[in-house]
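For reference, the chains in residue letters:
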Amino acid sequence: MDTKFIGKKSAAAGGWGALKSCGKQLLQSGMPISGARTMLKANQPDGFDCPGCAWGDPEHGSSFEFCENGVKAVAWEATEKRATPAFFAEKTVSELRRLTDYELELNGRLTHPMRYDAASDRYLPVAWEDAFAEIGSILTRLDTPNRAEFYTSGRASNEAAFLYQLFVRVYGTNNFPDCSNMCHEASGIAMRQAIGVGKGTVLLEDFEEADAIFVIGQNPGTNHPRMLGDLRRAAIRGARVVVFNPIRERGLERFSDPQDKMEMLRGGSTDIASLYLQPQLGGDMAAVRGMAKAVLAAEDRAVAAGLPAVLDHAFLTEHCADFQAYRAAVEATGWAEIEDQSGLSRQEIERAADVYITAERVICTWAMGVTQHLHSVATIREIANFMFLRGNIGKPGAGLCPVRGHSNVQGDRTVGINEKPEDDFLDALEKHFRFAVPREHGHNVLAAIGAMLDGSAEAFIGLGGNFARATPDSALVEMALRQLKLTVHIATKPNHSHLMPGEAAFILPCLGRTEMDLNEAGNSQLVSVEDSMSMVHGSAGINRPASPHILSEVAIIAGIAEATVGSTVVDWAELADDYDLIRDHIEATIPDFENYNARLRKPRGFHLRNAARHREWQTPTGKASFSSEALPDETVHQRARKGEGGRFALQTFRSHDQYNTTVYGLDDRYRGVYGERQVIFIHPDDLKAMNAEAGERIDVVGEHDDGIERVAEDFRLVPYDIPRGSIAGYYPELNVLVPLASAGKESDTPTSKSIMVSFRGRNAA
Ligand SMILES: Nc1nc2c(c(=O)[nH]1)N[C@H]1C(S)=C(S)[C@@H](COP(=O)(O)OP(=O)(O)OC[C@H]3O[C@@H](n4cnc5c(=O)[nH]c(N)nc54)[C@H](O)[C@@H]3O)O[C@H]1N2
Ligand SMILES: Nc1nc2c(c(=O)[nH]1)N[C@H]1C(S)=C(S)[C@@H](COP(=O)(O)OP(=O)(O)OC[C@H]3O[C@@H](n4cnc5c(=O)[nH]c(N)nc54)[C@H](O)[C@@H]3O)O[C@H]1N2
Ligand SMILES: [Mo]
């Protein structure tokens, strides 16, 4: 393979490159002085929760855990640059729309509440009271509350999210489209079916005891850098790390821990993966089924030879339902089908199964490479099946670990951001607050877009996030937002969603996690968040607010609520002035939050009980349930390979210099791409087969057959170590190619990792 364009393989992830990059980020973000002080308070008992990712914090959180991308997330929020009313006066909204995400981002923090003025096509400052009054008056005048959509991005604290869902339900709807719908929705659904709990079953400590860790469809080097520290420590003590990823991600190969002084001085690094397998896109269910087949075959051999069993029979008998049906399904799946669909050889899959069989304690982690496909729920059920075989749930050092994205996406769900709420929760709200809670299930992200497009939704309120850029079919969503009666964005920085104003449109600037949140009496307010390991802990900012004119998320929600539903059911102002009172309400309506206010103030917070971790199965069968689905008829990769050729299976992922739709910079250091984002990673032989040169520019054309033309223009082809037929490029630039009509079975998640495309020469058109 021509390795010229492939990122230099000798260097490890992390290390001096990471430190250098941090210095650069601090300078570019405009916060070099206060920066260092702010960093020292990230994820500390008396500091704020890092807004970067949802990985857990270590037991003794006293020494600062260094994380390059945490530094970026913090620096970008704590920037000294400001998007003031003068910034909005200078350009029309149409002009601002021409800026890239990166150019828009560079303008820094919002400082004033703004209202769109259609006559001048500009956002102008507005008084908070006027904004609240107008929003309230439009919302109350809608025919039904179901004509409004209330979006949440996963950064909102438990307190803000609880207050938000309370307001929306008092108002009268369950329309809660949420970033989770595009993220780990499939994990929650599959795990609830399999083990009765929609959350991961491991704690950080389990990583210290696991004999093997399977990392499927995830790039922690970029997206969860602190997880690499845990993988590295595991690798050093001899645990085996098995990776399934079509792309060779550098962080999963080798990692040099900036925390380890000796390693840094020696210029050394630690090998992370002991086995690195590169399946085709969407091939994981087949790969895991193959491993299960190998485990069952090993059991048969053991029985025949009179050797100790490979399966955990005690666990299977006492704790599991439907094992025999699963066994039959595995036997019915042939190796030819498994090899074809996974893109891996039987031998490779058997090697991975050997690691599993020889390990007493196994953890399996996964993220978007698993959840953003058509058959994600079935794949995660298959992962659970595989883990049941040797009882790898509910014992130390073992378990399921979906690695969450946004720092509080898990907490937001816990406190009620859910378009399909459980009856128990609604009953508790009704009893505690004494109002008629809406029972009809509401809209998720795709349903909300559908309702906006067909005119049945008229208002959009966004608690954070960048709805227009994070969702599929960008052009359609832009149109959908612009035809609404009302758009409201509660945000820290300007983004493209703000530039798609409805008839009445507001940008309401809020405090970020790093900033002090003071109440009327001048007392600092604490918020709380829940990480991927279900640890709930406090977070209090230390920086001065970006502007004296901005409010906390809680205060903004309370303002809108009061103007919309009044204060008879809930005294919003009182809650906004003392978050302890909000937590009292959470404690009164949601299980396992006993003594919330006291436990929250303990250094590491507290753990929300996970029944499956204790081998209590809250499933319909009362057991850990095997599923016995057949493999998908065809994956996107198998479909792309058929026909005349020239079709590819595209996945959209993150570069090293972005946080979702927030683009910090134009480099993707670990993949060797600098100064650009319009690239497509492709196997060198695929390049040759289509007579293309490395570096050639092409248009990427969507091949979803619904008659809609989707084109992403002007991308550069970059040869890369990726399976033939699979290609990759960055979100959100490629969201124009993600079809709204393609969604995961049961999860309804856009299939951002399996998009059928072809190329068109730049000169051909
Ligand atoms: N710095 C930073 N941190 C972040 C984020 C960020 O944007 N920047 N985003 C946050 C959020 S919201 C989330 S959800 C997480 C996302 O964390 P990740 O899930 O790591 O995010 P992606 O960049 O989408 O990477 C997907 C990985 O899955 C692989 N993959 C794609 N398709 C397949 C497949 O079919 N099979 C297998 N086995 N692998 C596949 C890709 O090659 C890639 O390595 O990170 C969170 N943390
Ligand atoms: N093609 C493709 N599409 C995807 C994905 C993919 O892999 N491929 N990934 C999906 C995933 S996993 C996710 S989670 C979604 C993410 O979707 P979102 O959560 O909607 O997007 P973000 O980019 O995280 O939102 C960034 C904006 O949030 C605001 N913000 C930042 N901090 C705060 C804060 O503290 N408070 C408030 N109120 N606002 C704040 C800022 O204005 C910023 O512009 O995108 C999804 N879309
Ligand atoms: Mo996410």
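Treat the numbers as computed from the prediction; the structure is a model and nothing was measured. (Residues numbered from 1 in each chain as written. Chains lettered and ligands numbered in written order. Predicted model: local features only at pLDDT ≥ 70, side-chain atom pairs only at ≥ 80, totals over all residues. Heavy atoms only, no water.)

Considering the overall build of the chain
Moving on, step 1. When helices and strands are tallied, the chain shows 31 helices and 29 strands.
Moving on, step 2. Taken over C-alpha atoms, the radius of gyration comes to 25 Å for the chain, in line with the 27 Å a tight globule of 765 residues would show.
Moving on, step 3. In terms of principal-axis extent, the alpha carbons of the chain reach across some 80 × 65 × 55 Å.
Moving on, step 4. When each of the 765 residues of the chain is scored for burial, the buried share is 64%.
Moving on, step 5. Considering only contacts within the chain whose residues lie at least 6 apart along the sequence, 79% involve residues at least 24 apart. (Helix = DSSP H or I, 4+ residues; strand = E, 2+ residues; numbered from the N terminus. Rg over C-alpha atoms; globule rule 2.2 N^0.38 Å. Buried < 20%, exposed > 50% of the residue type's maximum accessible area, 1.4 Å probe, protein only. Contact = heavy atoms within 4.5 Å.)

Some points on helix α26 (residues 553-565)
Moving on, step 1. End to end, α26 covers 18 Å across 13 residues, agreeing with the expected 18 Å (1.5 Å per residue, within 8%).
Moving on, step 2. Along α26, the residues that are buried comprise E553, V554, I556, I557, A558, G559, I560, A561 and T564.
Moving on, step 3. Remark: G566 follows α26 within two positions and exhibits a positive phi of approximately 70°. (Expected span 1.5 Å × (residues − 1).)

Looking at the pairing of strand β5 (residues 122-125)
Moving on, step 1. The sheet contact formed by strand β4 (residues 114-117) and β5 spans four bridges and is antiparallel. Note on β5: the bridge partner recorded for D117 is R122.
Moving on, step 2. In textbook terms, the turn of a hairpin is the stretch between consecutive antiparallel strands, and for β4 and β5 this stretch comprises four residues, one of which, D121, has a positive phi near 55°. (Pairing = 2+ DSSP bridges.)

A word on the sheet that holds strand β10 (residues 270-271)
Moving on, step 1. With mixed pairing, three strands are arranged side by side in an open sheet as β1-β9-β10. Two strands lie at the open edges of the sheet, namely β1 (13-14) and β10, each paired on one side alone.

A few points about the site of ligand 2
Moving on, step 1. Neighbouring ligand 2 are 31 residues, the closest being Y151, S153, E553, T661 and Y731.
Moving on, step 2. Measuring from an oxygen atom of ligand 2, one finds a side-chain N or O atom of Q372 at 3.2 Å.
Moving on, step 3. In the environment of ligand 2, an oxygen atom lies 2.7 Å from a nitrogen or oxygen atom belonging to the side chain of Y731.
Moving on, step 4. For ligand 2, the protein covers 96% of the area, taking 930 Å² as the surface of the free molecule. (Near = heavy atom within 4 Å. Polar contact = N/O pair within 3.5 Å; in protein donor to acceptor, adjacent residues only side chain to side chain. Areas by Shrake-Rupley, 256 points an atom, 1.4 Å probe, with all protein chains shown as cover.)

Notes on the pattern of salt bridges
Moving on, step 1. Scanning the model with the defined rule gives 50 salt bridges in all.
Moving on, step 2. The partner of R147 in a salt bridge is E458, and the shortest N-O contact between them spans 2.8 Å. Placement of R147 in the loop between α7 (128-141) and β6 (148-152) and of E458 in the loop between α23 (445-453) and β15 (459-463) is noted, with a sequence separation of 311 residues between them.
Moving on, step 3. Residue R147 is classed as partly exposed on the basis of its relative accessible area of 22%. (Salt bridge = Lys/Arg side-chain N within 4 Å of Asp/Glu carboxyl O.)

Observations concerning the site of ligand 1
Moving on, step 1. With respect to spatial proximity, 31 residues lie near ligand 1, and among them N245, E249, D284, Q658 and N660 are the closest.
Moving on, step 2. Between an oxygen atom of ligand 1 and a main-chain N or O atom of G282, the distance comes to 2.7 Å.
Moving on, step 3. The contact in question runs from a nitrogen atom of ligand 1 to an N or O atom on the backbone of Q658, over 2.7 Å.
Moving on, step 4. Expressed as a share of its isolated accessible area of 920 Å², the protein-covered part of ligand 1 is 99%.
Moving on, step 5. Across the shell around ligand 1, the residue classes break down as eleven nonpolar, 16 polar and four charged. (Nonpolar A, V, L, I, M, F, W, Y, C, P; charged D, E, K, R; others polar.)

Observations concerning the environment of A359
Moving on, step 1. Here A359 shows up in the loop between α18 (346-357) and β13 (362-366).
Moving on, step 2. Excluding residues that lie within four positions of it along the chain, A359 makes contacts with D211, A212 and R390.

Quick notes on helix α17 (residues 335-342)
Moving on, step 1. Restricting attention to buried positions, one finds in α17 the residues W335, I338, Q341 and S342. Viewed end-on, α17 has its buried residues packed into an arc of 140°, placing them on one side of the element.
Moving on, step 2. Positive backbone phi, at 75°, marks G343, one or two positions downstream of α17. (Arc of directions from axis to C-beta.)

Some words on unusual backbone geometry
Moving on, step 1. For the peptide bond that leads from Y731 to P732, omega is 5°, which places it in the cis range.
Moving on, step 2. For P732, the location among the structural elements is in the loop between β28 (726-730) and β29 (755-761).
Moving on, step 3. Of note, the phi angle at N660 is positive, near 50°, even though the residue is not glycine.
Moving on, step 4. Looking at the secondary structure, you find N660 in the loop between β23 (658-659) and β24 (662-663).
Moving on, step 5. For N660, a relative accessible area of 15% translates into the label buried.
Moving on, step 6. With phi around 55°, N691 is a residue other than glycine that occupies positive phi space.
Moving on, step 7. Classification of N691 by relative accessible area gives exposed; the value is 71%.

Focus: the layout of surface pockets
Moving on, step 1. Considering only enclosed or pocket space, the largest pocket measures out at about 1300 Å³ in volume.
Moving on, step 2. What lines the largest pocket is a set of 39 residues, among which R192, G198, K199, T414 and E422 lie closest to the centre.
Moving on, step 3. Elements that contribute at least two residues to the lining of the largest pocket include exactly α9 (185-195), α21 (409-414) and α22 (423-433).
Moving on, step 4. Grouping the amino acids of the lining of the largest pocket by side-chain chemistry returns eleven nonpolar, 15 polar and 13 charged. (1 Å grid on protein atoms, 1.4 Å probe; cavity = no way out; pocket = protein on both sides within 12 Å on 5 of 7 lines; lining within 4 Å. Points joined across faces, edges and corners; volume = space filled by probe spheres on them.)

Some details on the sheet that holds β15
Moving on, step 1. Taken in spatial order, the six strands line up as β5-β4-β17-β16-β15-β6 in an open sheet, and their pairing is mixed. A strand with exactly one partner marks an edge of an open sheet, and here the two such strands are β5 and β6. When strand polarity is set aside, the average angle formed by the axes of neighbouring strands in this sheet is 20°.
Moving on, step 2. As paired elements, β15 and strand β16 (residues 486-491) share five bridges and run parallel to each other. From the neighbouring strand, A459 faces β16, where its bridge partner is L486. (Axes fitted to C-alpha atoms, helices over the stretch in contact; angles between N-to-C directions.)

Things to note about the domain arrangement of the chain
Moving on, step 1. The assigned domain composition of the chain is domain 1 (13-77), domain 2 (83-182 + 408-511 + 518-592), domain 3 (185-406) and domain 4 (636-761).
Moving on, step 2. Taking the mean C-alpha position of each, domain 2 and domain 4 sit 32 Å from one another.
Moving on, step 3. Facing the 18 residues of domain 2 at the interface are 20 residues of domain 4.
Moving on, step 4. Buried surface at the junction of domain 2 and domain 4, both sides included, amounts to about 1700 Å², of which 58% is carbon and sulfur.
Moving on, step 5. Counting across the interface, domain 2 meets domain 4 through one salt bridge.
Moving on, step 6. A salt bridge links R710 to D473; the shortest N-O distance between them is 2.6 Å.
Moving on, step 7. Here domain 2 is connected to domain 4 by ten residue pairs in polar contact (both at pLDDT 80 or more). (Domains from an automatic or database assignment. Buried area = accessible area lost by both parts, 1.4 Å probe.)

Thoughts on the pairing of β28
Moving on, step 1. Most of β28 sits out of view: five of its five residues are buried.
Moving on, step 2. Examined bridge by bridge, strand β22 (residues 647-653) and β28 share five bridges and lie parallel to one another. For T652, the partnering residue across the bridge sits in β28 and is G729.

Things to note about the packing of α23 against helix α25 (residues 474-482)
Moving on, step 1. Following both chains from N to C, one finds α23 and α25 inclined at 60°, their axes separated by 8 Å at the closest point. Taken together, the axes of α23 and α25 are oblique relative to one another. At the point where α23 passes α25, the crossing takes the left-handed sense. Residues I449, M452 and L453 of α23 touch α25, and the partners they reach there are L476, V477, M479, A480 and L481.
Moving on, step 2. Residue composition of the contact of α23 with α25, grouped by class: eight nonpolar, no polar and no charged. (Parallel < 35°, antiparallel > 145°, perpendicular 65-115°, else oblique. Left-handed = near helix turned anticlockwise from the far one by under 90°.)

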